[in-house]
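Each chain, written out:
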Amino acid sequence: MSAVSPARRREVIDALRRGAVPSAGLDLFAVGLDRFGAAIGADLETVAAGGSVFKAVRGEYGSGKTFFTRWIAERAKRANLATAEVQVSENETPLHKLETVYRRLTERLTTSTFSASALRPVVDGWFYALEEDVLAAGDVAPDDASALDRAVEGLLDQRLATVSRSAPAFAAALRGYRAATALGDSATADAVLAWLGGQPHVAAAARRVAGVRGDLDHFAALSFLQGLLAVLRDSGHPGLLLVLDEVETLQRVRSDARDKALNALRQLIDEVHSGRFPGLYLVITGTPAFYDGPQGVQRLAPLAQRLAVDFTTDPRFDNPRAVQIRLPGFTVDSLVELGGRVRDLYADGSAAPERVSALVDDAYLNALARAVAGGLGGKVGVAPRLFLKKLVGEVLDRVDQFPEFDPRQHYAPTLSTTEMTDVERNANSADEIALEL
């Protein structure tokens with residue numbers, strides 16, 4: 001833990017104190033994920049080499065699906081891939097409207113150096129790479145601006161030839177963006193880039209400058225995704241990890257919208273496997289009920305066939321290379337291990353590390369884990385978030401700041417429904433419950 005920077009440590013601890021999944025540093029306390037490491041590494045290598053991969057992640061609420069996908073995202077960024085995490089929802093991001101999914105993707109696009117949205121720096125980096133490639137060829141003098149522009153246009157057409165056959169507007173928008181930028185017309189450049197990112201209601205004047213019409217639709221969205229992958233690849237990012245999180249929300253939408261969404265998911269999977277999206281790593285997450293229940297995947301037989309994996313066998317021998325993988329969820333022992341890693345990380349930045357380690361030992365962590373899980377009806381699987389929130393905000397912070405504080409004597413933990421998610425609230429039947437350590 002000593003190699004962790006203060007800024008990284010603070011970011012992780014602050015997130016846990018709020019009851020949130022940290023956006024970085026997840027490798028510091030990734031408990032139980034070693035079994036997936038080799039398979040995920042192989043997937044990332046495939047994607048970086050121009051292949052495409054689809055993976056479905058299943059797990060009960062609280063099993064760590066978001067943590068797991070963000071752990072993959074950290075590994076992807078270390079391989080210089082771009083990443084985007086999109087929350088599927090009935091109103092904000094309906095899966096059957098792929099143009100909306102694409103828009104959310106561009107809004108949440110991140111790289112190892114740029115946080116969301118990284119679309120502008122990626123596009124700017126792409127044009128810079130095109131210019132460098134033109135100049136490296138030696139056919140154009142660096143001081144001949146008009147010749148350089150023509151050569152870059154030609155190279156743009158060449159690099160986007162495949163995309164342009166199905167979505168010529170993508171290349172047209174890139175040209176319009178570059179032209180507006182060169183003229184110093186930032187308002188038009190911003191508008192064209194927004195249209196390229198799938199934003200609706202872009203001013204007609206800006207669209208005329210770029211030579212494009214209307215808004216992005218469901219069918220063009222897939223071609224725009226192809227174009228984005230090409231731009232990422234040429235700007236130094238060999239691939240994109242796209243996470244569609246909480247796909248189980250499809251079970252709660254109207255039946256017609258649900259059927260369209262399931263078919264859109266089937267279409268996406270087929271396109272990934274067909275090789276249409278070189279450099280795409282598509283990951284979805286959902287609950288077992290979504291994969292196995294009548295209102296989810298099983299509602300569309302072709303989709304169920306594509307995702308079928310036998311989970312009746314011993315979980316110890318689950319195949320991490322399978323198209324669908326399951327997260328085992330937490331036990332009291334794994335919660336204690338997780339708490340120990342967080343305690344050690346905290347102690348490493350504490351002014352009193354010995355006191356932190358002594359008062360919050362493994363025995364105390366075990367008692368706190370059992371108490372929180374007991375307050376949630378014994379459902380250990382939904383306990384990690386509240387366990388870590390209380391460990392950091394109500395125990396470690398106090399031990400660090402108050403020399404006389406002993407959590408065994410001075411802290412009586414409680415659970416209140418006001419601090420719970422819906423899933424945690426369902427596991428807990430009381431408005432407030434005192435926990436016994």
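Rules used throughout
Residues numbered from 1 in each chain as written. Predicted model: local features only at pLDDT ≥ 70, side-chain atom pairs only at ≥ 80, totals over all residues. Heavy atoms only, no water. Pairing = 2+ DSSP bridges. Helix = DSSP H or I, 4+ residues; strand = E, 2+ residues; numbered from the N terminus. Axes fitted to C-alpha atoms, helices over the stretch in contact; angles between N-to-C directions. Buried < 20%, exposed > 50% of the residue type's maximum accessible area, 1.4 Å probe, protein only. Right-handed = clockwise from strand over helix to strand, strands pointing away. Phe/Tyr/Trp six-rings, centres within 6.5 Å; stacked < 30°, edge-to-face > 60°. Lys NZ or Arg CZ within 6 Å of the ring centre and 35° of its normal. Core = buried A, V, L, I, M, F, W, Y, C linked by side-chain atoms within 4.5 Å. Contact = heavy atoms within 4.5 Å. Salt bridge = Lys/Arg side-chain N within 4 Å of Asp/Glu carboxyl O. Parallel < 35°, antiparallel > 145°, perpendicular 65-115°, else oblique. Nonpolar A, V, L, I, M, F, W, Y, C, P; charged D, E, K, R; others polar. Polar contact = N/O pair within 3.5 Å; in protein donor to acceptor, adjacent residues only side chain to side chain. Expected span 1.5 Å × (residues − 1).

*Asks:* Which parts of the structure should I look at to understand the sheet that holds strand 2 (residues 82–87)?
*Replies:* Strand pairs in the sheet, formed through backbone hydrogen bonds, run parallel or antiparallel to each other. Ordered by their spatial adjacency, 5 strands build an open sheet running 2-3-4-1-5, and the pairing between neighbours is parallel. Unpaired on one side and paired on the other, strand 2 and strand 5 (324–326) mark the two borders of the sheet. Sheet twist, expressed as the mean angle between neighbouring strand axes with direction ignored, is 20°. Of the pairings in the sheet, the one linking strand 1 (residues 53–58) to strand 5 comprises 3 bridges and is parallel in character. Within the sheet, the bridge partner assigned to Val-57 lies in strand 5 and is Ile-325.

*Asks:* I'm lost on the pairing of strand 4 (residues 280–286) in this one. Help?
*Replies:* In regular strands, side chains alternate between the two faces of the sheet. Where burial is concerned, most of strand 4 is hidden: 7 out of the 7 residues are buried. In this sheet, strand 4 lies alongside strand 3 (residues 240–245) in parallel orientation, the contact comprising 5 bridges. By the bridge assignment, Leu-244 is partnered in strand 4 with Ile-284. Read as a crossover between parallel neighbours, the route from strand 3 over helix 12 (residues 255–274) to strand 4 is right-handed.

*Asks:* Would you explain the pairing of strand 1 in this entry?
*Replies:* With 6 of its 6 residues buried, strand 1 lies for the most part within the structure. Side chains Val-53, Lys-55 and Val-57 project from strand 1 onto one buried face, and the interleaved Phe-54, Ala-56 and Arg-58 project onto a second face that is buried too. When strand 1 meets strand 4, the two strands line up parallel, connected through 6 bridges. Looking at the pairing, Val-53 lines up with Tyr-281 of strand 4.

*Asks:* Quick question: what am I supposed to make of the packing of aromatic side chains here?
*Replies:* Aromatic ring pairs: the centre-centre distance and the angle between the two ring planes describe each pair. Tallied over the entire structure, the rule returns 8 aromatic pairs. Among the aromatic residues, ring-to-ring pairing joins Tyr-102, Phe-170, Trp-195 and Phe-224 into one connected group. One cation-aromatic arrangement involves Arg-35 over Phe-36; the distance from NZ or CZ to the ring centre is 5.6 Å.

*Asks:* Got a minute to help me understand the nonpolar core in this structure?
*Replies:* Side chains that are nonpolar tend, in soluble globular proteins, to be buried together. Of all hydrophobic cores here, the largest spans 79 residues; its most connected members are Leu-174 and Leu-244. With 9 residues, the single largest contributor to this core is helix 11 (residues 218–234). Filtering out sequence-adjacent residues up to four positions away, Leu-244 remains in contact with Val-86, Val-88, Leu-95, Val-101, Leu-268, Leu-282, Val-283, Ile-284 and Thr-285. Val-31, Ile-40, Val-243 and Tyr-281 belong to the second largest nonpolar core, which has 62 residues in total.

*Asks:* Please explain the pattern of salt bridges as it appears in this structure.
*Replies:* Charged atoms that come close allow side chains of opposite charge to pair. Applying the stated criterion across every chain yields a total of 29 salt bridges. A salt bridge links Arg-70 to Glu-85, with the nearest nitrogen and oxygen atoms 2.9 Å apart. A residue pair is termed long-range when its members are at least 10 positions apart, and Arg-70 in helix 3 (residues 65–78) and Glu-85 in strand 2 qualify at 15 residues. Connected via shared salt-bridge partners are Glu-92, Arg-104, Glu-107 and Arg-108.

*Asks:* Help me out: how do you make sense of the packing of helix 5 (residues 119–137) against helix 9 (residues 186–196) in this one?
*Replies:* When two helices pack together, you describe them by how their axes are tilted relative to each other and by the distance separating the axes. Here helix 5 crosses helix 9 at 100°, and the two axes come no closer than 11 Å. Classified by the angle their axes make, helix 5 and helix 9 are roughly perpendicular. Each of Leu-119, Arg-120 and Val-123 in helix 5 lies in contact with helix 9, whose residues at this interface are Asp-190, Leu-193 and Leu-196. Counted by class, the contact of helix 5 with helix 9 contains 4 nonpolar, no polar and 2 charged residues.

*Asks:* In this structure, what is going on with the environment of Asp-292? I would like to understand it.
*Replies:* Among the structural elements, Asp-292 can be located in helix 13 (residues 288–292). Residue class for Asp-292 comes out partly exposed when judged on its relative accessible area of 46%. On a C-alpha basis, the gap between Asp-292 and Ala-151 in space is 54 Å, while along the polypeptide they are 141 residues apart. In this view, Asp-292 contacts Arg-58 and Gln-298; residues no more than four positions away in its chain are not counted. Here the side chain of Asp-292 touches Arg-58 through a polar contact of 2.7 Å, side chain to side chain.

*Asks:* Explain helix 11 to me, please; I cannot follow it from the model alone.
*Replies:* Each α-helix winds once per 3.6 residues, and so residues spaced three or four apart point in a common direction. Compared with an ideal rise of 1.5 Å per residue, which puts 17 residues at 24 Å, helix 11 spans 25 Å between its outermost C-alpha atoms and is within 8% of the ideal. Burial within helix 11 is extensive, with 13 of its 17 residues counted as buried. If you check the start of helix 11, you find a side-chain oxygen 3.2 Å away from the backbone N of Phe-219, and it comes from Asp-217. The first or second residue beyond helix 11 is Gly-236, which carries a positive phi of 100°.

*Asks:* Even after reading the chapter, I still don't get unusual backbone geometry, so can you show me in this structure?
*Replies:* Backbone phi values are negative for most residues with the exception of glycine, while trans is the configuration of most peptide bonds. Positioned with a positive phi, Asn-80 is a non-glycine residue whose angle comes to about 70°. Examined against the element boundaries, Asn-80 turns out to sit in the loop between helix 3 and strand 2. For Asn-80, a relative accessible area of 29% corresponds to the partly exposed category. Even without being a glycine, His-201 presents a positive backbone phi close to 60°. Within the secondary structure layout, His-201 lies in the loop between helix 9 and helix 10 (204–210). By relative accessible area, His-201 is classed as exposed at 73%.

*Asks:* How should I be thinking about the side chain of Ser-223 in this particular structure?
*Replies:* Locating Ser-223 in the fold gives a position in helix 11. Take Ser-223: its relative accessible area is 3%, and that puts it in the buried class. Those residues in contact with Ser-223 that lie beyond four places of it in its chain are Val-163, Ser-166, Ala-167 and Arg-276.

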